[in-house]
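Chain by chain, the residues:
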Amino acid sequence: MSDESKQNIDELLSGYVDGELSQRKYTELKRLMEHEPELAEKHNLLKKQKQLLNAMPVEAAPEGLFDAVIASQERKFILSEYGAASSEAEGVKHLLFRRALTAAVIFVLFGGLIGLIVHIVSPVQQGGPQEYVKGTDDPVVDLLGPPMKFIDDPVVAGTKTPFRAMLDLKTEHAIAMNGFIKKAIFTHDLNGFVDPREINGTTSTIRITCGIDSVVDLLADLQSEWDKCKVANLSVYDYVLKRYIVIENIKSEQLMKVFNEDKFYARMQMARDYADFNYLNRYGSGRLVKNDGPSEDPVKPKLTHSVLDKKERLEGGEKISLVITVTGL
Amino acid sequence: MGSSVEKQLENIVIDDAVLVRQCQEGDSAAMQRLIVKYQDRIYNVILKICSNKDDAAELTQETFVKFIEKINTFKMQSAFYTWLFRIAVNLSLNFCRRRFKIKIHSIDAPAGPEGENARQQLRSFFADEKEPDPAVAAQNREVGQIIVAALGRLDDKQRTAVVLRDIEGMAYAEIAESLDVEIGTVKSRISRGRESLREILKTVLKA
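What counts and what doesn't
Residues numbered from 1 in each chain as written. Chains lettered and ligands numbered in written order. Predicted model: local features only at pLDDT ≥ 70, side-chain atom pairs only at ≥ 80, totals over all residues. Helix = DSSP H or I, 4+ residues; strand = E, 2+ residues; numbered from the N terminus. Buried ≥ 20, exposed ≤ 12 C-beta atoms within 10 Å, placed from the backbone. Contact = placed C-beta atoms within 7 Å. Axes fitted to C-alpha atoms, helices over the stretch in contact; angles between N-to-C directions. Parallel < 35°, antiparallel > 145°, perpendicular 65-115°, else oblique. Nonpolar A, V, L, I, M, F, W, Y, C, P; charged D, E, K, R; others polar. pLDDT = per-residue confidence, 0-100. Pairing = 2+ DSSP bridges. Expected span 1.5 Å × (residues − 1). Left-handed = near helix turned anticlockwise from the far one by under 90°.

Participant: Would you mind going over the overall build of chain A with me for this structure?
Facilitator: Within chain A one finds eleven helices and seven strands. Burial statistics for chain A: of 329 residues in total, 28% are counted as buried.

Participant: I tried to follow the overall build of chain B on my own but got confused; where do I start?
Facilitator: Scanning chain B from terminus to terminus reveals eleven helices and zero strands. Written out in order from the N terminus, the α and β elements of chain B read α-α-α-α-α-α-α-α-α-α-α. Partitioning the intrachain contacts of chain B with sequence separation of at least 6 by distance along the chain shows that 68% fall at a separation of at least 24.

Participant: What exactly am I supposed to notice about the packing of helix H9 (residues 156-167) of chain B against helix H11 (residues 183-206) of chain B here?
Facilitator: The packing of two helices is summarised by the inter-axis angle and the distance between the axes. Residues and elements named next belong to chain B. Direction vectors running N to C along H9 and H11 enclose 95 degrees, while the axes themselves pass 8 Å from each other. On the basis of their axis angle, the class for H9 and H11 is roughly perpendicular. Contacts between H9 and H11 involve Lys-157, Gln-158, Arg-159, Ala-161, Val-162 and Arg-165 on the former and, on the latter, Val-186, Arg-189, Ile-190, Arg-192, Gly-193, Arg-194, Ser-196 and Leu-197. Class assignment of the residues belonging to the contact of H9 with H11 gives a composition of five nonpolar, three polar and six charged.

Participant: Teacher, can you tell me more about the confidence of the model for chain A here?
Facilitator: Low pLDDT marks regions whose predicted coordinates should not be analysed in detail. Per-residue confidence for chain A gives a mean pLDDT of 75; residues scoring 70 or more make up 73%. Predicted confidence is poor over residues 125-160 of chain A, with pLDDT under 50, and the contacts of this stretch with residues over four places away or in other chains come to 56 contacts.

Participant: Is there a simple way to think about the pairing of strand S4 (residues 203-211) of chain A in this case?
Facilitator: Walk down a regular strand and you will see the side chains alternate between the two sheet faces. Residues and elements named next belong to chain A. Taking burial as the measure, the nine residues of S4 include eight buried ones, the bulk of the element. Here strand S3 (residues 198-200) pairs with S4 via three bridges, running antiparallel. Among the inter-strand pairings, Asn-200 is bridged to a residue of S4, identified as Thr-203. Turn length for the S3-S4 hairpin, with the two strands adjacent in sequence and antiparallel, is two residues, and the turn residue Gly-201 shows positive phi of about 65 degrees. Pairing between S4 and strand S7 (residues 319-328): nine bridges, direction antiparallel.

Participant: How do you make sense of the environment of A:Ile9 when you look at a structure like this?
Facilitator: The residue A:Ile9 is located in helix H1 (residues 3-18) in this model. Taking C-alpha positions, A:Ile9 is 8.9 Å from A:Leu29, a pair spaced 20 residues apart along the chain.

Participant: How should I be thinking about helix H4 (residues 53-70) of chain B in this particular structure?
Facilitator: An α-helical turn contains 3.6 residues, so any two residues separated by three or four positions project in the same direction. Helix length check: H4(B), at 18 residues, gives a terminal C-alpha distance of 25 Å against a target of 26 Å (1.5 Å per residue), a fit within 8%. Of the positions making up H4(B), those classed as buried are B:Ala56, B:Leu59, B:Thr60, B:Gln61, B:Thr63, B:Phe64, B:Val65 and B:Phe67.

Participant: Mind showing me how you'd approach the packing of H9(B) against helix H10 (residues 172-179) of chain B here?
Facilitator: Residue and element names in this part refer to chain B. Running from N to C, H9 and H10 point in directions that differ by 135 degrees, and their axes come no closer than 10 Å. In terms of orientation, H9 lies oblique with respect to H10. Our pair here, H9 against H10, has a crossing hand that is right-handed. Listed contacts from H10 to Thr-160, Ala-161, Leu-164 and Arg-165 of H9 are Ile-175, Ser-178 and Leu-179. Of the residues contributing to the contact of H9 with H10, the split by class is four nonpolar, two polar and one charged.

Participant: Any chance you could explain the pairing of strand S5 (residues 229-238) of chain A here in plain terms?
Facilitator: Residues and elements named next belong to chain A. Judged by how many residues are buried, S5 sits mostly within the fold: seven of ten residues are covered. Judged from the seven bridges that link them, strand S2 (residues 163-171) and S5 form a sheet pairing that is antiparallel. In the sheet register, Thr-171 faces S5, and the bridge partner there is Cys-229. With five bridges joining them, S5 and strand S6 (residues 243-247) adopt antiparallel strand pairing. Across the sheet, Val-236 pairs through a bridge with Ile-245, a residue of S6.

Participant: Help me understand the interface of chain B and chain A in this model?
Facilitator: The parts lose accessible area when they come together, and the size of an interface is often stated as this lost area. Between chain B and chain A, the residue contacts involve 37 residues of the former and 32 residues of the latter. Those elements that place two or more of their residues in the side of chain B that touches chain A are helix H3 (28-50), H4, helix H6 (112-127), helix H7 (134-139), helix H8 (141-152), H9 and H11 of chain B. Classifying every residue of the side of chain B that touches chain A by side-chain character gives 20 nonpolar, ten polar and seven charged.

Participant: Please explain the environment of A:Arg164 as it appears in this structure.
Facilitator: Residue placement: A:Arg164 occurs in strand S2. The spacing of A:Arg164 and A:Thr209 is 45 residues in sequence and 9.1 Å in space, taken between C-alpha atoms.

Written as structure tokens, this is what we have:
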């Protein structure tokens, strides 16, 4: 007998025992059992097995089941209430955190995108150092929008000063720095070449127009105070571009290198090079390395200056117009 | 709960549907009536499925906790009785699956002289060509232990089907509803379960 037919007969027998067969199947199986004693025996055993199971005593459920159920239900309710409340609070916190994080990410990405677009489309940003524009009618300048910073033209009326520069110092020791500059001006007998000092809030401005050697002496003295400056920018007026070229975060050595150049055009070129170098070092992507820039060797005032007589040093040679601005932080 | 209360409740025959409706309205007395009405049957079915009194007690309690929690979802589309048994059976089968993993031992068939007496009694019962009274054999505690131990060796699904049919006395359709399966599946499980049980008992009685 195959497994399938055996299973079918077992199912029929089981149904027979349970009285769940149709009349036709019931009659057929009954007739079959009359002719097959093994089948009848199996039916007999199944019937007795069922009767035995059915006759098993019913055990009583544990005492106090209802009370236990109610107590358990109450306990569950309290726990779920607490759990729901705490998980809800956690959920709100989590949601707020996620929203804040998403907003911050979107803000940063958007800001970055705007910055990138500005960086790409803006010639001022793209072309090199930040440049101050002073009173120009250049249509290109007008297209670029307003200058980032406006500083009065330091040219003293009637004075021929081809080289015009502005030294912008920001320091936490503004009083000491101003005192030091005042002392240096006095030491180098530059009082007669300095316009009255202007004070505007925490900003103090000194305009000097004198021979380049005296300016170099003055700046050489400033080197010792350089570390006190948080920011030191030198702006040099470029007559070709009609703009101020800014050397951001200029080092004292760089400052001296610029002013120690004898020739006007060499000085301008040095200023342009440092402007590019410092700008790229700060904002660039590493195209320039330090060695690519102008030499950074410590520079001291040329000794030849000291051999000039005092009057010649003050008035002689190329005239320089320098504006030193000290801003207290 | 005291037995006097149970007796009082037993004397009041109220239709399940009415009690269920009252339960859904938050009537705790109706809940108590339904629990008292079905607690023994639920406990016995669970006991036969999981073969352990402590586990059965716990699962019975859990069944009625679930009943209270879920009573509002009961739509009266089936008999309350089969719905309640479905909860009990599902909990028991889940428990059986967990127990299989952690290997908790169920009730074993009794050993020793008492066990031998019980086996002899069972042999006589099955061999008797007349119609012996099954209640006499089944009242013997050791015989009951042998049967429960034999049931415990069945496949979980087959055991559940046999218990619901042969011990609880449910109709095939009710079992199908309680187990959420087709009637054909119920027939098959009952048939195979009985056959397996017969084989197990034959082996036990030969020993």
